[in-house]
Amino acid sequence: MSDMTWDVVVVGSGGGALIGAYLAQQAGLNTVVLERTNLVGGTSAYSGGACWLPGSDVQQRAGISDSTESARAYLEALLPQPLSDQIEAFLAEAPRLVAQLEADEAFAWEWLPFPEYFDAPGRVTMGRSIAPVKIRRDELPENVEALVRPPVELDRVGAGGRRTLSGGQSLIARALNAFLRDGGTVLTEHHVTDYVVEDGRVVGVRASTPSGPETIRASRGVLVAAGGFEGSPKLRQQHGVPGAAGWTMAPTGTNSGELMEAAIALGAEVAHMTEAWLCPGLEQPDGGGSFTLGFRSGVMVDAQGRRYANECLPYDRFGSEMAASPDRIPSYLVFDSCEGGRLPAIAMPEGDPEEHLAAGTWLRTDTLAELADKLDLTDLESTVDRFNTFAESGVDEDFGRGSDEYDTFFAGGDGPNKALVPIDAPPFYAARFVLSDLGTKGGLVTDVHGRVVRADGEPIPGLYATSNSAASIFGPVYPGPGAPLGKAFVFASLAVQHLTKESS
Ligand SMILES: Cc1cc2nc3c(=O)[nH]c(=O)nc-3n(C[C@H](O)[C@H](O)[C@H](O)COP(=O)(O)OP(=O)(O)OC[C@H]3O[C@@H](n4cnc5c(N)ncnc54)[C@H](O)[C@@H]3O)c2cc1C
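Residues numbered from 1 in each chain as written. Predicted model: local features only at pLDDT ≥ 70, side-chain atom pairs only at ≥ 80, totals over all residues. Heavy atoms only, no water.

Draft legend 1. Representation of the overall build of the protein within the structure. Scanning the protein from terminus to terminus reveals 16 helices and 21 strands. The C-alpha atoms of the protein give 23 Å as radius of gyration, which agrees with the globular expectation for 504 residues (23 Å, within 12%). By principal-axis analysis of the C-alpha atoms, the protein measures approximately 70 × 50 × 50 Å. Across the 504 residues that make up the protein, the buried fraction comes to 59%. Partitioning the intrachain contacts of the protein with sequence separation of at least 6 by distance along the chain shows that 74% fall at a separation of at least 24. Total accessible area computed for the protein in this model is approximately 18600 Å², and 48% of it derives from carbon and sulfur atoms. Charge centroids of the protein, computed over 38 positive and 67 negative side chains, lie 4 Å from each other. (Helix = DSSP H or I, 4+ residues; strand = E, 2+ residues; numbered from the N terminus. Rg over C-alpha atoms; globule rule 2.2 N^0.38 Å. Buried < 20%, exposed > 50% of the residue type's maximum accessible area, 1.4 Å probe, protein only. Contact = heavy atoms within 4.5 Å. Areas by Shrake-Rupley, 256 points an atom, 1.4 Å probe, with all protein chains shown as cover. Lys, Arg positive; Asp, Glu negative; His and termini not counted. Charge placed at Lys NZ, Arg CZ, Asp CG, Glu CD.)

This is the structure:
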């Protein structure tokens, strides 16, 4: 058993963790990142890298109508409660943080056209999210490149692998590169299991490592950014989170919420524990779910073969519709051959259609009647007949598909409504869908300095949280692309500012 001391211990290595670690090291604090797996990046490395950080110079340069004020109006319209101090802190800090990151050549950001998730006052046409600029592998030191968790298609099914890192790959590579360049330390295969507490203050953590248990001490504080509890069947069930650990998008063997439980044992308050960043998940032959968005054609039906929502809704909102009834899990995407038998949507990973057919996660028949019969989808034929009349008229009278800019962003039909494509080209397919998620949203309640607080609002000295380890400041709402990462960065930054002022 060894004993190590650092100024700041960061647990986890997703986007929030690495941005926090980078900022702490930049501020002159000797910082270590502890990651339980042998790779850095977690779910953040799978992500599109979109960051919802309103009002920064990046949006200004792109000439879009974003501002802190319009983001405030948008959140005011969406959130069930008046804006909290945390939201105000988020709005104030986001542009400053982006400017600080942009001042370092290790980072580069650009506007990412991707519509926001609600038609509400303050919404920016084509969105206000920003994303890290792509980076080539040969621009990175070998030790950085080797540590970054691969994209989800490669990590899960061995597909793909590119010379250029984009989205979450670029995000993780850039932040890791800058952190290591500045003298930061990353220790992989360090599974943090508990906190070390002295006189009521968190002064370090305990980790299990390949060489045995270790105590890692933090003179300033511990920043927990270790994902949510999406990977824990026990905690999901305990808190009533819809979906299942086997369907989540978090890498296998990662986010199981033990540090939330350990913080609760210290008196920490938690919130939004039933919530997750939900999405429809294409069921894979191995039983997992693949995050699916951008439906271009087909209809999603329940156990009776009936549609229940606009399939083109933002994924989190469609996921909530799925979660609303047990008849919708599984659901079936019924589609035709207009795209040559491939899934008319973006699924990560999609998987090979022939393997799906062999495994029974997809079914193919010459007629819709056969499909309905084999899956016992009683109302399927009338559902498709009705949908085809909508495709002809251009109006989805049941769910308004194609009436919002998000609906038409991915659509490619050539009828009067490009989100409504008739289902009439045999053979026909049914792909089974489960309820997946990009992580849970419930977690440790923090104040405007990222400090974990008790029920009475008093902080637990030495303990900070961000990422999905902290309760989402957006509560049940997913305002737009990049909200998970955007809030994770901001609260990492606010935590580091507070840690920097704390005397050692
Ligand atoms: C395909 C896909 C696309 C997405 N696109 C976007 C997007 O564009 N923008 C966006 O904002 N969000 C996006 N998301 C969602 C987003 O990626 C996640 O919600 C977010 O990355 C979670 O960040 P995190 O830091 O909480 O967890 P993670 O990124 O999963 O990082 C947590 C890390 O902590 C480690 N860890 C966990 N427990 C311990 C422990 N006890 N000790 C040590 N280490 C531990 C894990 O191994 C893991 O590496 C996407 C998700 C997916 C799957």
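Draft legend 2. Layout of the environment of Leu371. Relative to the assigned elements, Leu371 resides in helix α13 (residues 368–375). Leu371 sits 59 residues away from Ala430 along the chain, and the two C-alpha atoms are 7.4 Å apart. What Leu371 contacts, discounting residues up to four positions off in sequence, is Val334, Leu363, Thr365, Leu380, Phe428, Tyr429 and Ala430.

Draft legend 3. Region of the structure containing the domain arrangement of the protein. In terms of domain boundaries, the protein breaks down into domain 1 (3–229 + 441–501) and domain 2 (278–436). Taking only C-alpha atoms into account, the centre of domain 1 sits 34 Å from that of domain 2. Facing the 16 residues of domain 1 at the interface are 14 residues of domain 2. Summing the contributions of domain 1 and of domain 2, the shared interface buries around 1400 Å²; its carbon and sulfur component is 61%. Summed over the three residues of domain 1 that lose the most area to domain 2, namely Pro115, Tyr117 and Arg156, the buried surface amounts to 35% of that side. (Domains from an automatic or database assignment. Buried area = accessible area lost by both parts, 1.4 Å probe.)

Draft legend 4. Looking closely at helix α8 (residues 167–181). In this model, α8 (15 residues) spans 21 Å end to end at C-alpha, consistent with the 21 Å of a helix rising 1.5 Å per residue. Taking burial as the measure, the 15 residues of α8 include 13 buried ones, the bulk of the element. At the exit of α8 stands Gly183, carrying a positive phi of roughly 95°. (Expected span 1.5 Å × (residues − 1).)

Draft legend 5. Seen up close, the pairing of strand β9 (residues 201–209). Where strand β8 (residues 191–198) and β9 come together, seven bridges link them in antiparallel fashion. Residue pairing for β9: His191 is matched across the bridge by Ser208. The turn joining β8 and β9, which pair antiparallel and follow one another in sequence, is formed by two residues; a positive phi near 50° is taken by Asp199. Where β9 lies against strand β10 (residues 212–224), six bridges are found, and the strand directions are antiparallel. Along β10, the bridge assignment pairs Thr209 with Gly212. (Pairing = 2+ DSSP bridges.)

Draft legend 6. Representation of the pairing of strand β15 (residues 331–335) in the model. In terms of residue burial, β15 counts as a mostly covered element, since five of its five residues are buried. Residues Ser331, Leu333 and Phe335 point to one face of β15 and Tyr332 and Val334 to the other, with burial holding for every one of them. Bridge count between strand β14 (residues 299–301) and β15: three bridges; the pairing is antiparallel. By the bridge assignment for β15, Val301 is matched with Tyr332. Taken together, the five bridges between β15 and strand β18 (residues 428–440) define a ladder with antiparallel strand orientation. Residue Val334 lies in a different strand from β18, and its bridge partner there is Ala430.

Draft legend 7. Structural detail: helix α1 (residues 15–26). Taking 1.5 Å per residue as the helical rise, α1 with its 12 residues ought to reach 16 Å, and the 16 Å between its terminal C-alpha atoms agrees with that figure. By the criterion of burial, α1 is predominantly enclosed, with 11 of the 12 residues buried. The first or second residue beyond α1 is Gly28, which carries a positive phi of 90°.

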